[in-house]
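Structural characterization, general
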Amino acid sequence: MRRNHSPALSVGWHSLSYAACWITSEFTPGRGHSPALCGKGFAQLSTLLRHQHIHTGVRLFSCSECGKGFTQLTHLTSHQRVHYDTRPFQCSDCEKSFKGKMDLLTHQLTHSGERPFTCSMCGKGFTQHSLRLKHQRVHTRE
């Protein structure tokens, strides 16, 4: 069963508890628009509808400082930290503050000594995936 939620999108339901995102491909003369599965599935219809904004380009939330648009309020809230020196995520070990939660989690690895990203060629550990990738160029000479 398909329902049209906008002229450009259709939603395909595979069961009552699962919804998949369909996007329409280019118009083909004689055939019209044919749907294509984008590859993402969602358990809740509301999550699917929010996801579809990626395909339609709809940006419901705009930054009052720079005008940049976002599909989700949480993304706007996170973005606004760029304009203000708000650092709501504080390390419990050294009290250093960060703008993003992932920045805090990465920082906390310095206290624990954990290095979850390991080079498959030499076994050296890194606190960040990007640092491991940069290191691996040593082995491949890129």
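The structure presented is a predicted model; accordingly, all values stated were derived computationally and were not measured. (Residues numbered from 1 in each chain as written. Predicted model: local features only at pLDDT ≥ 70, side-chain atom pairs only at ≥ 80, totals over all residues. Heavy atoms only, no water.)

**Brief notes about the overall build of the protein chain**
What the protein chain contains, in helices and strands, is five helices and ten strands. Residues classed as buried in the protein chain amount to 23% of the 142 residues present. Sequence separation of 24 or more characterises 12% of the internal contacts of the protein chain that already satisfy a separation of 6 or more. About 10100 Å² of surface is accessible on the protein chain, with carbon and sulfur atoms providing 52% of the total. (Helix = DSSP H or I, 4+ residues; strand = E, 2+ residues; numbered from the N terminus. Buried < 20%, exposed > 50% of the residue type's maximum accessible area, 1.4 Å probe, protein only. Contact = heavy atoms within 4.5 Å. Areas by Shrake-Rupley, 256 points an atom, 1.4 Å probe, with all protein chains shown as cover.)

**Description of the environment of His135**
Structurally, the position occupied by His135 is in helix H5 (residues 129-140). Its relative accessible area of 15% is what places His135 among the buried residues. Spatially, the C-alpha atom of His135 lies 9.0 Å from that of Lys124, the residues being eleven residues apart in sequence. Apart from residues lying up to four places away in sequence, His135 is in contact with Cys119, Cys122, Lys124 and Phe126.

**Thoughts on helix H4 (residues 101-112)**
Look at H4: 17 Å from first C-alpha to last across twelve residues, which is about the 16 Å you get at 1.5 Å a residue. Buried within H4 we find Leu104, His107 and Leu109. On its buried face, H4 sits against strand E7 (89-90) and strand E8 (97-98). Of the residues trailing H4, Gly113 is marked for its positive phi of about 80 degrees. (Expected span 1.5 Å × (residues − 1).)

**Some thoughts on the pattern of salt bridges**
Per the stated rule, a full pass over the model turns up one salt bridge. Asp85 serves as the salt-bridge partner of Arg87, at 3.1 Å between the closest nitrogen and oxygen. Taking the relative accessible area as the measure of exposure, Arg87 reaches 41% and is therefore partly exposed. (Salt bridge = Lys/Arg side-chain N within 4 Å of Asp/Glu carboxyl O.)

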